[in-house]
Amino acid sequence: MSEPQKIDIQGHVVTVKHPATQEELGQMVHAAAQAGQAIYSVGGATRQYLGLPPVNPGIGLCTRKLDRVIDYPARDMTVTVELGMTVAKLREVLAGENQDLPIDCPDPSRATLGGLLATNGSGSRRHGYGTLRDYLLGLTVIDDHGRPTKSGGRVVKNVAGYDMGKLHIGALGTLGPLVQATFKLKPRPEATALSLVPLAPDQLEAFANQMNQGQTRPIVIDLLSAGAAREFARLAGQTLPREGWHGLVGFDGAEMAVRWQLQTLRDELRSLAAGEVLELVSHAGAWEALTALGGPRGTTGLRAGVLPGESVGLARSLETWAPASGVVAHLGAGIINAWGDPDTSREPLLGQVERLRHQAQPKRLQDQAQPKGGWLVVTRSGPTARDARMVFGSARQDHPLMAEIKRQLDPGCLFNPGRYLTDL
Amino acid sequence: MTATLLDEKTAILITHLTKIVGPDGLISSPAELMVYECDGYTMEKNRPEVVVFPRCTEEIVGVVKACNELGVPFLPRGSGTSLAGGCLPVGGGVIISLARMRKILEVDIRNRYALVEPGVINTWLTNRVKNDGWHYAPDPSSQGACTIGGNVATNSGGPHTLKYGVTVNHILGVELVLPDGRVIQIGGPVEEAPGYDLTGLVVGSEGTFGVVSKVWVRLVRNPQSVRTLLGIFESVDDATRTISEIIGAGIVPAALEMLDNLILGAVEEAFGFGFPLDAGAVLIMEVDGLETGIDDEAARIESIALKNKARKVSRANTEAERMLLWKSRKQAFGAVGRLAPSYCTQDGVVPRTRLPEMLRIMHDISKRHDIRIANIFHAGDGNMHPILLFDERDPAQVQRVMEASHEILDTCLKLGGSVTGEHGIGVEKIDFMPKLFSPDDLMAMTRVRQAFNPTGLCSPGKMLPTAGACSEPAAARQLKPGRRAPH
Amino acid sequence: MTANALSEKTSLPMAKLGKGIDYELFMDCVHCGLCLGACPTYVETGNENDSPRGRIYLWRAIADGRAPLSEEAQSHMNLCLECMACETACPSGVQYHHVIHSYKTDMTMLKPPAPTLNWLQRWMLFNLTPFRGRMAWSVLPVKIMQRLGLGWVVNLTGKLMPKSLRQMQEILPAIGPSHDLPEFLPAIGPKRATVGMLLGCAADAFYPQVNKATALLLQHNGCDVHIPKAQDCCGALHEHAGLEAEAARLAGKNCDAFAKVPGGLAGLDAIISNAGGCSPVLKAYGKILAKDPHSADGKLFAGKVKDISEFLVNLGPVKPKYPVPLKAVYHDACGLAHAQKIRSQPRQLLAMVEKLELAPLNESDHCCGAAGSYNITQPEMSATLGKRKAGNIAATGAQVVLTGNVGCTLQIDRHLRAGHPGRWVGHPVQILAAAYTGENPFGLKVPGFGG
Ligand SMILES: Cc1cc2nc3c(=O)[nH]c(=O)nc-3n(C[C@H](O)[C@H](O)[C@H](O)COP(=O)(O)OP(=O)(O)OC[C@H]3O[C@@H](n4cnc5c(N)ncnc54)[C@H](O)[C@@H]3O)c2cc1C
Ligand code: SF4
Ligand code: SF4
């Protein structure tokens, strides 16, 4: 396998090293620290577009060669692996025991587990399965002296010491390279089903409310804009009976239970559905398509979080925000992904984003000086240059504390400098 | 420092604090303070100088700032059910009791969360939302008494965490009074705001990062149906094999709890539930979910149990029967007092497949030290609560119990487990931290604590073994057994 | 030195405090704290000194000589309701009643009984209640005042009357017509049992209709009912106040009274009480009379005492005929739920009544604050708890509140009238009697119901 020697991180080209072991990686960190070089952690390089460009000169440290299974006691339903392992490889290993780490990842054959952790990747199944923070049991990170530091453990229940792992999930590698982790696993379900429900534009809220109180217990409750539904159908190799907004509801579990839920859902949504419901039963391609929707599309990508009850409103605004848009709203969590090709000649991207960002505030909190509620992040910005204000918005109340933690754990600002929130 | 100086300082402290919380917002007389010298862990005691009962965040801030000004240590306390001495005022100082902050501030079913003050008792929250068909999932056995704030601080688990996860999986955010008196909101009802997941870090920090003054918790819909089974086994081995096989079959039960023969005897003597006295172990196995298919799942569990030589598997047919079964599981602790005048419980974890091995070693430890050990545990999680029975009036037995406990926990570590699954490190297990973690690991944790709690005035002597924090020799503090509630 | 420290200096001598209790009973408490959430006083104050664990620890520390019996310590001990919710909650089987009893007994040795009471309160409590006749007499003026249409009379007397008597007056509900029950009532239908019936003192003065209903229920269930006139107060108040000799005297008197019925004590299948506050003490006559010449009778008597609901459920109740279309809630009197574990029986009986909707009541077994003489000795906490109870009841929207103890009825009625008026408070037997006879219970109009 020939590994790339250079990588372009948002327009900054850095030289990449490929340590073969955790120790070697540690030594490289140590050396870089001595030399005053920054360290940019690289996994599968599928999501380097997130965050901000590097600010300090430094080297890339690629974890891809660290991909051993350290321990897989299948009956304990835990696995300990090195984090350069790709998501697909882990899936393969686990499939042998009919188990899974049920976290969606759009590009599993390239994305590494370390990258997935650093970006806190999640997708549609988060409604039923939660996110990485619900699966990470133990984590080893290389510290600013190049020493491995671990927290947590290998058992499913453990409260010894601070749960440092949580800190690193979604930290974009700013607190050190992640090299090894133990995950809790789930059994693979016997059957799965996706139900694609066409919705009239005035029925979106009703659909969301119904899903919150219906008889079924879905693992996916998504709302797809017309653009997203079209894209989903294309990826899944299906033809949509009808254009427009769609509800996408997923089930898994025992076959009988899945069948019962499909039927019940159909009954419950009878008056809501604007047309024929498309049911995709045990259709691996459909799930892959749904996961792939989380990958980069259009020139610009946005990701927002709001109270679940307000996600329909924001999803609507995001749909009309840009031409060629697509919106996928995870209604249970209130997390919304959107893409499009916005026209920045009329209004700069920053203005557009700030307007949407304001809208992401829960109505009753909008007047408060301190943003407490929703957030909106620019995942990709096309040709527009990225800065902290545009990408992340203004700092929140707990930001000084985060900055202090960063100062404590990485006083020399070695790890991914400049790439996350200001001072992190 | 001389006694008079200390008194003077205390008097100033009391004057300060009275201004903030009012005369009925604190206690400082020796008799009243006595009650606060320990929590559910009674091996170590130390009286605080003052206990304050703030009624709102602002009062907590006032108290914390006053403590900072006077350089007095302080620590939060919920219901004091900690089994690890989390509420022990190491070095004295001020206990900040959250017992008067008991309001459920907001219940938002549509958005699946509630906002509560830290002193709200765990079951109150579920009681509040149960008529709507929702609940708060983490259910420590102490849930009728412990507070949500305490649960957050210790990352509590319970019988149903096997399927639903522990406290951290259900906390969306907190308002935190930092050790320097600043108030910050971390997380909140909206998930995943950009930045570090400080919520995840604060959960389980055992009060060393400040005082949690509000909590946003996730609410969970009640399952449509529940089936509870009772399996009776000839041996602990058969029971543990059943557990492994159930999990291996891809079933995720809501709970898998085991009681061994010794415990059964006590339960039977106490309550006469009708458990067979000659059984080696019983398993309480619960599945929940949709009505459709749940009987199949229960039947699968039943056949796995029977295949593993269960003598009998019975089902709770009514809600009343189910409650009775759960009661017997929870009441079991109380009965332990009948087995011996004193007992000491541990909170070890091993990978669940190693349970049979662990139990065999434990059996051996029990024989070698001539100490009876009763077992009751969250079998599905591999979280054991071995209860060592002895008579504290016999120093030789006390010594043997200490050694046996030590050996048990060391074995847990050797088998890849942990010395605490849910009760926390507190002061009790602080000396095990260097066995679990390298100096570098501990340094990283210390650095994080430094970010929150640079002066160390907040909950000193907890969680991390920092030099100088404890005066008593480690060996003496480690494992003093005694009569203690198991969980 | 602080004021607190000073008061400890001037506190009472430590004598032989806490020595009257088997030390092992202290040891039973493993300090787990599981009782905290169940303790009404702790839930209100948040101070662990006001919790079961705290009180046990405090009393033990005092017994050990580790802590002084300061005024603070006493105030925490005195605030205990003796509701025994902690015994229900405690997984370790701690017998808290022995602990609090030991405190109460020691306190009466140290100083005159119930030192927080003024002379009038003491007079009412300890001289009045034992004599059923006098109790009825003493409430008479209030009764008259109530019937005179309150207004100026109450206002006027309000100014003249000491505060404590005013409180007494507030407690009082509308008082029903008194029923002079005969000493014997025969079974209706085939005879299934012979029972004795206790009237209680306060109950008979305030709610004679409850006794009438109880007797009627027993008759309808095939019981010959003996109601000896010579019976007296059960002695519960005295027992709780640590006045052991007086309690024993009353217990002996009651044994004598029931021994005189035809067939004697042995001839009775059960002795029925309808007051959850009395029956735990009646069931303890064996112990109370252990050192008394009556000890044999005491044991026999105690073994026969049954709460009305407990007895009927055991007997197999006859299903009543008439529907009672009401929405009701049931409040668990502490004496029933905690001291005797009687929870399901009253509910089972009520479930037999057609059209009666029994709504769930939040904190149904949380003490209402009546607790014997507590509403007079600790008026503030009592009122707080009464309000809490009334609030919980109001939240259910029920028209009717049922509870098996006269103290609770008085307390709940009072606080409902103050905060959430328009609800009827009564004893489950009244609803059952209505369901047997088709007659409206006193003070309650069931729509579309008999006379
Ligand atoms: C019989 C029994 C059974 C138990 N069963 C279980 C069980 O099944 N699972 C389980 O996990 N635990 C169990 N426990 C342990 C204990 O109940 C839990 O740890 C519980 O979460 C403690 O809650 P508390 O309110 O009593 O907290 P406390 O004991 O008062 O405090 C515990 C720790 O939390 C800190 N703290 C409390 N409130 C705050 C706050 N507001 N902000 C910051 N820090 C705070 C304290 O400083 C202390 O370090 C059991 C205990 C007993 C006695
Ligand atoms: S009384 Fe019982 S529940 Fe309360 S602390 Fe003692 S042992 Fe625990
Ligand atoms: S008897 Fe009631 S008030 Fe007294 S300690 Fe027990 S629960 Fe609390």
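Residues numbered from 1 in each chain as written. Chains lettered and ligands numbered in written order. Predicted model: local features only at pLDDT ≥ 70, side-chain atom pairs only at ≥ 80, totals over all residues. Heavy atoms only, no water.

Asks: Even after reading the chapter, I still don't get the overall build of chain C, so can you show me in this structure?
Replies: Within chain C, the regular secondary structure consists of 26 helices and nine strands. Long-range contacts, defined here as pairs at least 24 residues apart, represent 76% of the contacts in chain C between residues at least 6 apart. Carbon and sulfur atoms form 59% of the exposed surface of chain C, whose accessible area is close to 17700 Å². (Helix = DSSP H or I, 4+ residues; strand = E, 2+ residues; numbered from the N terminus. Contact = heavy atoms within 4.5 Å. Areas by Shrake-Rupley, 256 points an atom, 1.4 Å probe, with all protein chains shown as cover.)

Asks: Teacher, can you tell me more about helix 19 (residues 295–304) of chain C here?
Replies: Spacing of three or four residues puts side chains on the same side of an α-helix, whose turn is 3.6 residues. Residue and element names in this part refer to chain C. Those residues of helix 19 that fall on the buried side of the exposure criterion are Gly298, Phe301, Ala302 and Lys304. Seen end-on, helix 19 carries its buried residues on one side only, within an arc spanning 160 degrees. For helix 19, the exposed residues lying more than 90 degrees away from the buried face are Ala296, Lys299 and Gly303. In this structure, the buried side of helix 19 is in contact with helix 16 (244–259), strand 4 (270–273), helix 17 (279–282), helix 18 (285–288) and strand 5 (305–307). (Buried < 20%, exposed > 50% of the residue type's maximum accessible area, 1.4 Å probe, protein only. Arc of directions from axis to C-beta.)

Asks: In this structure, what is going on with the sheet that holds strand 15 (residues 310–315) of chain B? I would like to understand it.
Replies: The strands making up a sheet are joined through hydrogen bonds of the backbone, oriented either antiparallel or parallel. All names here are of chain B. The seven strands are arranged 15-12-14-13-17-18-16 in an open sheet whose pairing can be described as antiparallel. Of all the strands in the sheet, just strand 15 and strand 16 (342–345) have a single pairing partner and so form its edges. For this sheet, the mean angle separating the axes of adjacent strands, direction not counted, is 20 degrees. Two elements, strand 17 (residues 372–378) and strand 18 (residues 383–390), share seven bridges in a ladder whose sense is antiparallel. (Pairing = 2+ DSSP bridges. Axes fitted to C-alpha atoms, helices over the stretch in contact; angles between N-to-C directions.)

Asks: How should the interface of chain A and chain B be read in this particular structure?
Replies: By a widespread convention, an interface's size corresponds to the accessible area lost as its parts come together. Across the contact, 80 residues belong to chain A and 89 residues belong to chain B. For the chain A and chain B pair, buried surface summed over both sides reaches about 7100 Å², with 55% attributable to carbon and sulfur atoms. It is A:Lys157, A:Val159 and A:Tyr162 in chain A that bury the most area against chain B; as a group they hold 13% of the surface buried on that side. Our count for the chain A to chain B interface comes out at nine salt bridges. No other element matches helix 13 (residues 399–409) of chain A, which puts eight residues into the side of chain A that touches chain B. Of the residues that constitute the side of chain A that touches chain B, the class distribution is 34 nonpolar, 24 polar and 22 charged. (Buried area = accessible area lost by both parts, 1.4 Å probe. Salt bridge = Lys/Arg side-chain N within 4 Å of Asp/Glu carboxyl O. Nonpolar A, V, L, I, M, F, W, Y, C, P; charged D, E, K, R; others polar.)

Asks: For this particular structure, what's the right way to read the domain arrangement of chain C?
Replies: All names here are of chain C. The domain boundaries assigned to chain C delineate domain 1 (2–110), domain 2 (114–171), domain 3 (184–314) and domain 4 (319–437). For domain 1 and domain 3, the distance between their C-alpha centres works out to 32 Å. Counting residues at the interface gives six residues for domain 1, matched by seven residues for domain 3. Here domain 1 packs against domain 3, burying approximately 500 Å² in sum over the two surfaces, 48% of which is carbon and sulfur. Its largest share of buried area at the contact with domain 3, domain 1 owes to Glu82, His101 and Thr108, together 66% of the area lost on that side. Viewed at the interface, domain 3 and domain 1 are joined by zero salt bridges. The interface formed by domain 1 and domain 3 includes one residue pair in polar contact (both at pLDDT 80 or more). Looking at side-chain class alone, the side of domain 1 that touches domain 3 contains no nonpolar, four polar and two charged residues. (Domains from an automatic or database assignment. Polar contact = N/O pair within 3.5 Å; in protein donor to acceptor, adjacent residues only side chain to side chain.)

Asks: Please explain the interface of chain C and chain B as it appears in this structure.
Replies: With 34 residues of chain C at the contact, the number on the chain B side is 42 residues. Regarding the contact of chain C and chain B, the summed buried area is about 2900 Å², with carbon and sulfur atoms giving 52% of it. One can count three salt bridges joining chain C with chain B. One salt bridge connects B:Glu37 with C:Arg66, and the closest N-O pair in it is separated by 2.8 Å. Here chain C is connected to chain B by 13 residue pairs in polar contact (both at pLDDT 80 or more). Breaking the side of chain C that touches chain B down by element, the ones donating at least two residues are helix 1 (3–9), helix 2 (23–27), helix 3 (40–45), helix 4 (52–63) and helix 5 (71–78) of chain C. Among the elements that make up the side of chain C that touches chain B, the one with the highest residue count is helix 4 of chain C (five residues). Of the residues that constitute the side of chain C that touches chain B, the class distribution is 14 nonpolar, 13 polar and seven charged.

Asks: Even after reading the chapter, I still don't get the site of ligand 3, so can you show me in this structure?
Replies: All names here are of chain C. Neighbouring residues of ligand 3: 13 residues in total, closest Cys39, Arg55, Cys80, Cys83 and Cys86. For the shell around ligand 3, the elements supplying multiple residues, two or more each, are helix 3, helix 4 and helix 6 (85–89). Considering only residue class, the shell around ligand 3 consists of ten nonpolar, one polar and two charged. (Near = heavy atom within 4 Å.)

Asks: Help me understand the sheet that holds strand 10 (residues 211–218) of chain B in this model?
Replies: Residues and elements named next belong to chain B. Strand order across the open sheet formed by five strands is 5-6-10-8-9, with antiparallel pairing between neighbours. Either end of the sheet is taken by a strand with one partner, and the two such strands are strand 5 (104–108) and strand 9 (183–187). Ignoring strand direction, the axes of neighbouring strands in this sheet form an average angle of 10 degrees. Here helix 3 (residues 57–70) sits on the sheet in contact with strand 8 (171–177), strand 9 and strand 10, set at roughly 50 degrees to strand 8. In the packing of helix 4 (residues 122–129) onto the sheet, the strands contacted are strand 5, strand 6 (113–116) and strand 10, and the crossing angle to strand 5 comes to about 40 degrees.

Asks: In this structure, what is going on with the site of ligand 1? I would like to understand it.
Replies: Residues and elements named next belong to chain B. The environment of ligand 1 is formed by 35 residues, the closest being Pro76, Gly78, Thr81, Ser142 and Thr147. At 2.7 Å from an oxygen atom of ligand 1 is found a side-chain nitrogen or oxygen belonging to serine 156. Relative to its free-state accessible area of 970 Å², ligand 1 is covered by the protein chains to the extent of 99%. Taken together, the elements giving at least two residues each to the shell around ligand 1 come down to strand 3 (74–77), helix 5 (148–154) and strand 10. Top element by residues in the shell around ligand 1 is helix 5. It accounts for five residues. Residue composition of the shell around ligand 1, grouped by class: 13 nonpolar, 19 polar and three charged. Taken together, domain 1 (3–97) and domain 2 (104–221) each give at least three residues to the shell around ligand 1, which thus spans both.

Asks: It is not clear to me how the pairing of strand 3 of chain B should be interpreted in this structure. Could you clarify?
Replies: Where a strand is regular, its side chains alternate between the two sheet faces. All names here are of chain B. The alternating pattern of strand 3 places Phe74 and Pro76 and Leu75 and Arg77 on opposite faces, both of which are buried. Taken together, the four bridges between strand 3 and strand 4 (residues 94–97) define a ladder with parallel strand orientation. Note that in strand 4 the partner of phenylalanine 74 across the bridge is valine 94.

Asks: What's the story with the packing of aromatic side chains in this structure? I'm lost.
Replies: For any pair of aromatic rings, the description consists of the separation of the ring centres together with the inter-plane angle of the planes. Enumeration over the complete set of coordinates arrives at nine aromatic pairs over all chains. Their ring planes at 55 degrees and their centres at 6.2 Å tell us that A:Tyr420 and B:Tyr196 sit as a pair that is tilted. Of this pair, A:Tyr420 sits in the segment after helix 13 while B:Tyr196 sits in the loop between strand 9 and helix 7 (198–202), each in a different chain. Taken together, the ring pairs connect A:Tyr162, B:Phe209 and B:Phe452 into an aromatic cluster. Directly above the aromatic system of A:Trp339 lies the positively charged group of A:Arg297, at a separation of 5.7 Å from the ring centroid. Geometry around A:Tyr49 places A:Arg380 over its ring, the cationic atom sitting 5.7 Å from the centre. (Phe/Tyr/Trp six-rings, centres within 6.5 Å; stacked < 30°, edge-to-face > 60°. Lys NZ or Arg CZ within 6 Å of the ring centre and 35° of its normal.)

Asks: Looking at this structure, how should I read the arrangement of the chains?
Replies: By contact count, the leading pair among the two pairs of chains in contact is chains A and B. Nothing in chain A touches chain C; the tightest C-alpha to C-alpha distance between them is still 20 Å.

Asks: Is there a simple way to think about the packing of helix 14 (residues 208–220) of chain C against helix 20 (residues 308–315) of chain C in this case?
Replies: A pair of packed helices is captured by two measures, namely the crossing angle of their axes and the spacing between those axes. Residue and element names in this part refer to chain C. Relative orientation of the contacting elements helix 14 and helix 20 amounts to 10 degrees, with a least axis distance of 11 Å. By the angle between their directions, the pair helix 14 and helix 20 is classed as roughly parallel. Of the residues in helix 20, those touching helix 14 at Thr214, Leu217 and Leu218 are Ile308, Phe311 and Leu312. Classifying every residue of the contact of helix 14 with helix 20 gives five nonpolar, one polar and no charged. (Parallel < 35°, antiparallel > 145°, perpendicular 65-115°, else oblique.)

Asks: I'm lost on the domain arrangement of chain B in this one. Help?
Replies: Residue and element names in this part refer to chain B. Taken domain by domain, chain B holds domain 1 (3–97), domain 2 (104–221), domain 3 (224–338), domain 4 (340–427) and domain 5 (430–479). Of note, the centres of domain 1 and domain 2, computed from C-alpha atoms alone, are 24 Å apart. Taken together, the contact between domain 1 and domain 2 spans 13 residues of the former and 17 residues of the latter. Of the roughly 1100 Å² buried at the junction of domain 1 and domain 2 (both faces included), carbon and sulfur atoms supply 68%. For the interface between domain 1 and domain 2, the tally reads zero salt bridges. Secondary-structure elements contributing two or more residues to the side of domain 1 that touches domain 2 are helix 3 and strand 3. For the side of domain 1 that touches domain 2, the element with the highest residue contribution is helix 3, accounting for six residues. Considered class by class, the residues forming the side of domain 1 that touches domain 2 number six nonpolar, five polar and two charged.

Asks: When you look at the pattern of salt bridges in this model, what are you seeing that I'm missing?
Replies: Two side chains of opposite charge can pair, provided their charged atoms sit close to one another. Using the criterion set out here, one finds 67 salt bridges over all chains in the structure. A:Arg389 is the salt-bridge partner of A:Glu354, the closest N and O atoms lying 2.9 Å from each other. In this pair, A:Glu354 sits in helix 11 (residues 349–359) while A:Arg389 sits in helix 12 (residues 388–392), placing the two residues 35 residues apart along the sequence. We note a salt bridge from C:Glu310 to C:Lys283, for which the minimum N-O separation is 3.0 Å. Of this pair, C:Glu310 sits in helix 20 while C:Lys283 sits in the loop between helix 17 and helix 18, and the two are 27 residues apart along the sequence. C:Glu310 sits in the buried class, given a relative accessible area of 15%. A single salt-bridge network, built from bridges that share partners, covers A:Arg126, A:Arg303, B:Glu191, B:Glu192 and B:Arg218.

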